[in-house]
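Overview (structure and organization)
The chain contents come next:
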Amino acid sequence: MKAVVLRRIGFPWVMDVEDIPPRPSPRRREVLIRVVGSGVCHSDLHVALGEIPFPLPAVLGHEVSGIIEEVGPDVEGLSKGDAVVTSFIVLR
């Protein structure tokens, strides 16, 4: 799959379009989503400016809508074919 990858924090942003291999299958408590649409929002701007700690390189655009293609172990309430949207959650 192709993705725009953020390589360093601050202006000017260094971003390259790269081919990224998808994981072969979802891990525990994960689902694989076929992305239909994605947006880059203000949270992504804070990541790109270094105001929200996030490991680099990074693919921004966490506001995703799509269809579940595969469900990993220990996922409840979601099934292949479900339409979903995602949101940004920082775990510490």
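In this report, we go over the structure that sits alongside the text. None of the values given here were measured: they were computed from a predicted structure.

About the cut-offs
- Residues numbered from 1 in each chain as written.
- Predicted model: local features only at pLDDT ≥ 70, side-chain atom pairs only at ≥ 80, totals over all residues.
- Heavy atoms only, no water.
- Patch = residues over 30% accessible without salt bridge, like charges linked within 9 Å, V, L, I, M, F, W, Y side chains within 5 Å.
- Areas by Shrake-Rupley, 256 points an atom, 1.4 Å probe, with all protein chains shown as cover.
- Salt bridge = Lys/Arg side-chain N within 4 Å of Asp/Glu carboxyl O.
- Helix = DSSP H or I, 4+ residues; strand = E, 2+ residues; numbered from the N terminus.
- Buried < 20%, exposed > 50% of the residue type's maximum accessible area, 1.4 Å probe, protein only.
- Contact = heavy atoms within 4.5 Å.
- 1 Å grid on protein atoms, 1.4 Å probe; cavity = no way out; pocket = protein on both sides within 12 Å on 5 of 7 lines; lining within 4 Å.
- Points joined across faces, edges and corners; volume = space filled by probe spheres on them.
- Nonpolar A, V, L, I, M, F, W, Y, C, P; charged D, E, K, R; others polar.

1. Considerations on a nonpolar patch on the surface
Residues Val4, Phe11, Trp13, Met15 and Val17 make up a contiguous nonpolar surface patch of about 490 Å² in total accessible area. Residue position: valine 4 is located in strand S1 (residues 2–8). Using a relative accessible area of 40% as the deciding quantity, one classes valine 4 as partly exposed.

2. Describing the environment of glycine 37
In this fold, glycine 37 is placed in strand S3 (residues 31–39). When the C-alpha atoms of glycine 37 and alanine 48 are compared, they prove to be 21 Å apart, with eleven residues separating the residues in sequence. The contacts of glycine 37, once residues within four sequence positions are left out, are Glu63, Val64 and Ser65.

3. A look at the pattern of salt bridges
In total, this model carries five salt bridges according to the counting rule given. Between arginine 7 and glutamate 18 there is a salt bridge, with its nearest N and O atoms 2.6 Å apart. Taken as a pair, arginine 7 in strand S1 and glutamate 18 in strand S2 (residues 14–19) lie far apart in primary sequence, eleven residues in all. For glutamate 18, a relative accessible area of 23% translates into the label partly exposed. Two residues, aspartate 74 and arginine 28, come together in a salt bridge whose shortest N-O distance is 2.8 Å. Note that aspartate 74 is positioned in the loop between strand S5 (63–71) and strand S6 (83–85) and arginine 28 in the loop between S2 and S3, a separation of 46 residues in sequence. In this structure, aspartate 74 and arginine 28 share a single accessibility class: exposed.

4. Brief notes about the layout of surface pockets
The volume enclosed by the largest pocket comes to roughly 1,600 Å³. Listing elements by their share of the lining of the largest pocket, those giving two or more residues are S3, helix H1 (42–48) and S5. Counting residues per element, the lining of the largest pocket draws most heavily on S3, at six residues. Here the residues of the lining of the largest pocket are counted per class, giving 22 nonpolar, six polar and eight charged.

The analysis is restricted to geometry; functional conclusions fall outside its scope.
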